[in-house]
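Inside the fold
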Amino acid sequence: MSRKKVIAGNWKMNKTPEETRQLISELIGAVKDAKSDVIICTPYTSLALAVELTQNTNIVVGAQNMHYEQSGAFTGEVSADMLLGLGVKYVIVGHSERRQYFGETDETVNKKVTTALSKGLVPIVCCGESLQQREQGITEELVRSQVIIACNGISKEDVKKIIIAYEPIWAIGTGKTATEQQANDVCKVIRTVIGELYDSETADLVRIQYGGSMNAKNAAQLLSMPDIDGGLIGGASLKAGDFSVITNFNG
Ligand code: 13P
């Protein structure tokens, strides 16, 4: 089963609109021959500009979060329809930083996945363990339960569209990448869970990314593993040259 690689940049809270213009102008040329699908998840304030600047390119734009309700009294929040109205196609859901700092839970992740899919946005669903959880030996159990809850009530047809990102928290922004074997082992667990919840054909189709200090130097090894179908890239997505290197593997 060959799944096309998907590389998504998570810009996090970086880049003003002016800086966005600059980075995208560099990225367009740098990734134009990418072998993978290319997504950039910019801050909300840059989304409209990013969609406009990437028209007729191979770069697709995603958001980093959204609310699960359609509309209403949720000060500061942004809905799926608002993102779709800008031309956004993807949305990161349940990033560990949102779980840690903004009270995201497995239940809100499931609500967001449900809303995103019902509206036609593709969720990039994040899961992953802390260093303490890894040391306690509960990585598999934890990631299993994150994936089971995220997929609760999601149909087989819909689950085929989602991207799951395995991001061990201890590897995010630390320069401490998981070894390709550690990363692949957990991505394989995730695929097994999808197979148990749905069937093996569905599990074969779902794309599973690794994220956590993936960069131009270590991407080739990670992306050569059988169950790693791409990357969710933080720091290295802010440099056009580094990001483009990561988009050039497809096997
Ligand atoms: P870094 O690549 O900076 O470790 O960030 C990973 C991440 O959190 C992507 O969502």
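So, a few notes on the structure that sits alongside this text. In every chain, residue numbers begin from 1 and rise along the written sequence. For a predicted model such as this one, the threshold for reporting local features is a pLDDT of at least 70, and the threshold for listing and counting side-chain atom pairs is 80 or more; totals across whole chains, interfaces and linings nevertheless cover every residue. Values reported for side chains reflect all heavy atoms of the structure, with hydrogen atoms and water molecules removed beforehand.

A word on unusual backbone geometry
- The phi dihedral of Asn 56 falls on the positive side, at around 60 degrees, and the residue is not glycine.
- Relative to the helices and strands, Asn 56 resides in the loop between α2 (44-53) and β3 (59-63).
- Phi at Ser 213 takes a positive value of approximately 55 degrees, unusual for a residue other than glycine.
- Relative to the helices and strands, Ser 213 is located in the loop between β7 (207-211) and α11 (219-223).
- Take Ser 213: its relative accessible area is 18%, and that puts it in the buried class. Counting from the N terminus, the helices are DSSP H or I runs at least four residues long and the strands are E runs at least two residues long. Exposure categories follow from relative accessible area, calculated using a 1.4 Å probe and restricted to protein chains: below 20% of the type maximum is buried, above 50% is exposed, and the middle band is partly exposed.

Quick word on the site of the ligand
- Neighbouring residues are identified by heavy atoms, a residue being near a molecule or strand if any of them is within 4 Å of it. Neighbouring residues of the ligand: Asn 10, Lys 12, His 95, Glu 167, Ala 171, Ile 172, Gly 173, Gly 212, Ser 213, Leu 232, Gly 234 and Gly 235.
- Between an oxygen atom of the ligand and a main-chain N or O atom of Gly 173, the distance comes to 2.6 Å.
- Protein contact buries 95% of the 310 Å² of open area that the ligand shows by itself.
- Nonpolar residues are Ala, Val, Leu, Ile, Met, Phe, Trp, Tyr, Cys and Pro. Charged residues are Asp, Glu, Lys and Arg, and all others, Gly as well, are polar. A class-by-class count of the residues in the shell around the ligand yields 3 nonpolar, 7 polar and 2 charged. We call two N or O atoms a polar contact when they sit within 3.5 Å, provided that within protein one can donate a hydrogen and the other can accept it, with sequence-adjacent residues counted only if both atoms are side-chain atoms. The method behind every accessible area is Shrake-Rupley, applied with a 1.4 Å probe, and residues are considered shielded solely by the protein chains displayed.

Side note on the packing of helix α1 (residues 17-30) against α2
- Structural elements are reduced to axes, namely lines fitted to C-alpha atoms, with helices fitted over the stretch in contact, and the angle between N-to-C directions of any two is expressed from 0 to 180 degrees. Remark: α1 packs on α2, axes separated minimally by 10 Å, with the N-to-C direction vectors making an angle of 30 degrees. Accordingly, the angle class assigned to the pair α1 and α2 is roughly parallel. Viewed along their axes, α1 and α2 form a crossing whose handedness is right-handed. Of the residues in α2, those touching α1 at Pro 17, Thr 20, Arg 21, Ile 24 and Ile 28 are Thr 45, Ser 46, Leu 49, Ala 50 and Leu 53.
- Tallied by class, residues from the contact of α1 with α2 come to 6 nonpolar, 3 polar and 1 charged. Roughly parallel covers angles under 35 degrees, roughly antiparallel covers those over 145, roughly perpendicular covers 65 to 115, and oblique covers all other angles. It is the rotation of the near helix from the far one that decides the hand of a crossing: anticlockwise by less than a right angle makes it left-handed, clockwise makes it right-handed. Only heavy atoms matter for contacts: two residues are in contact if any of them lie within 4.5 Å across the pair.

So, the layout of surface pockets
- Grid points spaced at 1 Å and placed over the protein atoms alone form the basis of the search, with a cavity being a set where a 1.4 Å probe fits but cannot get out and a pocket an open set showing protein on both sides within 12 Å along at least five of seven lines. Lining residues have an atom within 4 Å of a point. Grid points are joined across faces, edges and corners, and a volume is the space filled by probe spheres set on the points. There is about 460 Å³ of room inside the largest pocket.
- Forming the walls of the largest pocket are 15 residues, and the residues nearest its centre are Lys 12, Met 13, Gln 64, Arg 98 and Phe 102.
- Here the element with the most residues in the lining of the largest pocket is helix α4 (residues 96-102); it accounts for 3 residues.
- Its residues assigned to classes, the lining of the largest pocket comprises 5 nonpolar, 6 polar and 4 charged.
- As for the second largest pocket, its lining consists of 19 residues, of which Ser 213, Met 214, Gly 234, Gly 235 and Ala 236 are closest to the centre.
- Of the residues contributing to the lining of the second largest pocket, the split by class is 5 nonpolar, 10 polar and 4 charged.

Things to note about the packing of aromatic side chains
- Centres within 6.5 Å are what make two rings of Phe, Tyr or Trp a pair, Trp counting through its six-membered ring; a difference in plane orientation under 30 degrees is then read as stacked, over 60 as edge-to-face, and the rest as tilted. Taken as a whole, this structure holds 2 aromatic pairs when the rule is applied.
- Ring centres of Tyr 101 and Phe 102 lie 6.4 Å apart, and the angle between their planes is 75 degrees; this geometry places the pair in the edge-to-face category. The pair Tyr 101 / Phe 102 is uniform in exposure class, with both members exposed.

Focus: empty space enclosed by the protein
- Taken as a whole and judged by the stated rule, the model has 1 cavity of 30 Å³ or more.
- Space inside the largest cavity adds up to approximately 70 Å³.
- Lining the largest cavity are Arg 99, Val 113, Val 125, Cys 126, Cys 127, Gln 146, Val 147, Ala 150, Cys 151, Ile 154, Ile 162 and Ile 164.
- Residues of the lining of the largest cavity, tallied by class, amount to 10 nonpolar, 1 polar and 1 charged.

Some remarks on the side chain of Gln 209
- For Gln 209, the location among the structural elements is in strand β7.
- Classification of Gln 209 by relative accessible area gives buried; the value is 0%.
- Here Val 6 takes part through its backbone oxygen, which lies 3.0 Å from a polar atom of the side chain of Gln 209.
- In contact with Gln 209, other than residues within four places in its own chain, are Val 6, Ile 7, Ala 8, Ile 124, Ile 163, Ile 164, Ala 165, Tyr 166, Cys 187, Gly 230, Gly 231 and Leu 232.

Here we look at the nonpolar core
- Grouping buried Ala, Val, Leu, Ile, Met, Phe, Trp, Tyr and Cys residues that are joined through side-chain atoms within 4.5 Å yields what is termed a nonpolar core. Counting residues in hydrophobic clusters, the biggest one holds 64 residues, and the most contacted among them are Leu 27, Leu 83, Val 147, Ile 164, Ile 190 and Tyr 210.
- When residues in this core are grouped by element, the largest group, 7 residues, is from helix α9 (residues 180-197).
- Ignoring anything within four residues of it in the chain, the contact list for Ile 164 reads Val 125, Cys 127, Val 147, Ile 190, Ile 194, Val 206, Arg 207, Ile 208 and Gln 209.
- Ranked by size, the runner-up nonpolar core spans 12 residues in total, among them Ile 39, Ile 92, Val 122 and Leu 232.

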